[in-house]
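Understanding the architecture of this molecule
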Amino acid sequence: MPKAYWIAHVDVVEAEPYSVYAKLASACFAKYGANILARGGKCQRLEGKVRARNVVIEFESMDQALACYNSPEYQEAKAHREGNAQAELLIVEGA
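What comes next is a walk through the structure. (Residues numbered from 1 in each chain as written. Predicted model: local features only at pLDDT ≥ 70, side-chain atom pairs only at ≥ 80, totals over all residues. Heavy atoms only, no water.)

A few words on the pairing of strand 1 (residues 4-12). Two strands pair when backbone bridges link them, and strand 1 and strand 3 (residues 53-59) are joined in this way by 7 bridges, in the antiparallel orientation. Paired with Ile7 across the strands is Val56, a residue of strand 3. (Pairing = 2+ DSSP bridges. Helix = DSSP H or I, 4+ residues; strand = E, 2+ residues; numbered from the N terminus.)

As structure tokens, then:
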């Protein structure tokens, strides 16, 4: 079964509520066995729009990634992000 990857592109608008999101989401990621590959490091725009913060998180499978996203824990965390950041988030299955 191929691994799956969350890919998020984020501009933080309000830092304090976003930090609550990050703390809660991190605990949720750990619960679902996620491996954080990139989180907010330096990036170089090559094409298209770029957001300030970029995140790549590896999961054992698409099912595990979706279970994490749909979990009550992540939805609670997400409530702190909404309105406090502009973001695009997708899950892509690995090759």
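Moving on, we come to the side chain of Glu58. Along the polypeptide, Glu58 turns up in strand 3. You can call Glu58 buried: its relative accessible area is 14%. Residues contacting Glu58, with those up to four places away along its chain left out, are Lys3, Ala4, Tyr5, Gly33, Ala34, Asn35 and Leu37. (Buried < 20%, exposed > 50% of the residue type's maximum accessible area, 1.4 Å probe, protein only. Contact = heavy atoms within 4.5 Å.)

So, about helix 3 (residues 72-81). For helix 3, the full list of buried residues reads Tyr74, Ala77, Lys78 and Arg81. Buried residues of helix 3, seen end-on, are gathered within an arc of 105° and therefore sit on one face of the element. Phi for Gly83, located one or two positions after helix 3, is positive at around 85°. (Arc of directions from axis to C-beta.)

What describes a pair of aromatic rings is the distance from one ring centre to the other and the angle between the planes of the rings. Counted by the stated rule, this structure contains 9 aromatic pairs. Considering the side-chain rings of Trp6 and Tyr74, the 5.1 Å spacing of their centres and the 85° angle between planes classify their relative orientation as edge-to-face. With Trp6 in strand 1 and Tyr74 in helix 3, the pair connects residues that are 68 residues apart, well separated along the chain. According to the relative accessible area criterion, Trp6 is buried, its value standing at 3%. Taking relative accessible area as the criterion, Tyr74 reaches 0% and is therefore assigned buried. Taken together, the aromatic side chains of Trp6, Tyr18, Tyr21, Phe29, Phe59, Tyr69 and Tyr74 make up a single cluster linked through ring pairs. Stacked on the ring of Tyr21, the Lys or Arg Arg81 has its end atom at 5.4 Å from the ring centre. (Phe/Tyr/Trp six-rings, centres within 6.5 Å; stacked < 30°, edge-to-face > 60°. Lys NZ or Arg CZ within 6 Å of the ring centre and 35° of its normal.)

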